[in-house]
Amino acid sequence: MMVCMWRVWQRGSGFAARLRERDCAVRLAGLSVRHYSTKTAPHIPGMEYQDAICTLNTLQTNASLLEQVRRERSHPQQQLHAMRGFLERAGLTVEELDHLNIIHVTGTKGKGSTCAFTEQILRSYGFRTGFYSSPHLVQVRERIRINGQPIGKELFTKYFWQIYGRLDETKDAHGGSMPAYFRFLTILAFHVFLQEKVDVAVIEVGIGGAYDCTNIIRRPWVCGISSLGIDHTQILGDTIEKIAWQKGGIFKPGVPAFTVKQPEDAMAVLRDRAKEIKCPLWVCPEFESYQTDLSEPLRLGLAGQHQRFNASLALQLSHTWLQRRCLPDKIFPCTPVESVVVPQVTPFKPSPVMVKGLADTEWPGRNQTLKHGEVTYFLDGAHTMRSMQACVHWFREIAAQHERNASGPVARVLLFNATGERDSAAMLKLLVPCHFDFAVFCPNITEAITSCNADQQNFNVSVENMLTRCLDNERSWRLHNSAGNNRGAQLLIEDTLSLVPERKTDTLVFPCILSALQWITQSRDSVLTDPAKTVLPVKPSVKAKAAPLCDAAEIHVLITGSLHLVGGALKHLDPDSSK
């Protein structure tokens, strides 16, 4: 972080002066400084992409921001009020957001995939699309996409400094307040989509719905709720009913909304929320009920049986958006007051464009397979119980297919990490039936020795806490695999403090993602043996453990438990993702 902050100070020491010069010019022109048009805000010369990312990261760590977040969690209704204030300070209005033709999507599991299907379908029709999602895997720019592609570094830098500059110059008049990380990126996304004149903006909720900062949206064209489950309980509540209430907070009067099949208690809450808000709500039909002229069933670009629910929701969202776009006078009736169940919408016949959109959809890090010669990586950012169940089902099925085609014995390796409040022990228990030869654990640190890789830095958790969590995960795995086994873990890099005595085990803990991948692949992946990548020496006893990996014809690696872990792995496995 110190390297990043030095870059910002060194290149940005004239930032305030430039702002003052610009403000002086504005005053001479007889214009208001605080409420200038979004179309005329200048880019601050000399401020580069990496400077922007390092400055953005200060919004993770500022003590007053963290206190602001804690305070608002106790009074969640303050969150949207604060968001409106930041939006206005950034030179935007909620009225402007009305013109973005928004599709708003929430859920616990599958909301990102649903958005990806929806965006691809509408882009296939020729519409200019905006797509806002979180988290990012490799670079922050992935969160804000135009026509399916992360906005370029130059464009990100330009728009970043426009918004940051406006907020920075008004902070003294507002007690020094600045928006926290996600809130800032949400404002930035709205600004980008307005400036780039997208035809439709697909907006994924961050956490929850009712008080999520994306819910400043007043007039979406259609809303969607993907599969619900237990996650973020400290913020959303510890029951499915409480979580459903939060998710249903994105409903708007008269705006059609769709959900996939939910647990009965959750569906009852969504039904009541829809009636209360006067929002017409329907349940999506089974994916198999969509009929086409094709002799083959609909094909999805994303793997996994659970994607069929997301695809059905995406079909309804895109179909409804197209109806409202082409048939603006169409009226969507509210769910009947006397209805005790949420009605199921009648399936329609997808157009050839929709069929192609579903098949062409890509969403990295979710049920993704990468084959690098003798090493095959299976990447899925599952981080809840339900998503891990889906991940295990997908992995067991696809890994078996790959093993049938292998030229000889295959070694199976799990690379795992989990963060936050999530029950990693329970998730690991679900993974036991996959029969891994090795279980490897590491924190979400891309490299132990690194330059300013600001896109993937998280300053809210200490390295000590991350490593402790990894060791806890390793112990949980051993307990699940062999009750009463007291063999210990090792931190497997030379010249580091061994946290527990060194003993033989099939579980290993590494200090970073790169060192873990290099040990797992044993120089059999040329991407990881690039001379530009640092290779940390491992202990001789650990080298000996790798014999099964060296003897195997192929190595299959499942990387799961955290989207941040998957993103850190992709940074090394797919170098183009960092460009």
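Owing to the predicted nature of the structure, the values given are computational and were not obtained by experimental measurement.

Caption draft 1: Examining the sheet that holds strand β12 (residues 438-441) more closely. As summarised here, the arrangement of the six strands in space is β9-β10-β14-β11-β12-β13, forming an open sheet in which the pairing is mixed. Only two strands of the sheet have a single partner each, and these edge strands are β9 (368-372) and β13 (507-509). If you compare each strand with its neighbour and ignore which way they point, the axes differ by 20° on average. Relative to β13, β12 is paired through three bridges, and the arrangement is parallel. Counterpart to Val 440 in the pairing with β13 is Leu 508. Relative to the sheet, helix α15 (residues 385-404) contacts β9, β10 (375-380), β11 (410-416) and β14 (554-560), its axis offset from that of β10 by approximately 160°. Those strands touched by helix α17 (residues 463-481) are β11, β12 and β13, and its axis lies near 175° from that of β13.

Caption draft 2: Representation of the nonpolar core. Among the nonpolar cores identified, the biggest contains 44 residues, and Leu 100, Phe 156, Phe 184, Leu 188, Phe 190 and Phe 193 are the most heavily contacted of them. Here this core gets 10 residues from one element, more than from any other, and that element is helix α9 (residues 181-195). What Phe 193 contacts, discounting residues up to four positions off in sequence, is Leu 100, Gly 130, Phe 131, Tyr 132, Ile 144, Arg 145, Ile 146, Val 198, Ala 201 and Ile 203. Ile 445, Met 466, Leu 549 and Leu 570 belong to the second-largest nonpolar core, a separate cluster that totals 38 residues.

Caption draft 3: Layout of helix α21 (residues 563-573). Taken across its 11 residues, α21 has 10 buried, putting it largely inside the fold. Restricting attention to buried positions, one finds in α21 the residues Leu 563, Leu 565, Val 566, Gly 567, Gly 568, Ala 569, Leu 570, Lys 571, His 572 and Leu 573. Next to the buried residues of α21 lie β9, β10, β11, α18 (513-521) and β14. By the N-cap criterion, in which a side-chain oxygen at the helix start approaches the backbone nitrogen of a residue two or three places on, α21 is capped by Ser 562, the distance to His 564 being 3.1 Å.

Quick notes on the rules
Residues numbered from 1 in each chain as written. Predicted model: local features only at pLDDT ≥ 70, side-chain atom pairs only at ≥ 80, totals over all residues. Heavy atoms only, no water. Pairing = 2+ DSSP bridges. Helix = DSSP H or I, 4+ residues; strand = E, 2+ residues; numbered from the N terminus. Axes fitted to C-alpha atoms, helices over the stretch in contact; angles between N-to-C directions. Contact = heavy atoms within 4.5 Å. Core = buried A, V, L, I, M, F, W, Y, C linked by side-chain atoms within 4.5 Å. Buried < 20%, exposed > 50% of the residue type's maximum accessible area, 1.4 Å probe, protein only. Polar contact = N/O pair within 3.5 Å; in protein donor to acceptor, adjacent residues only side chain to side chain.

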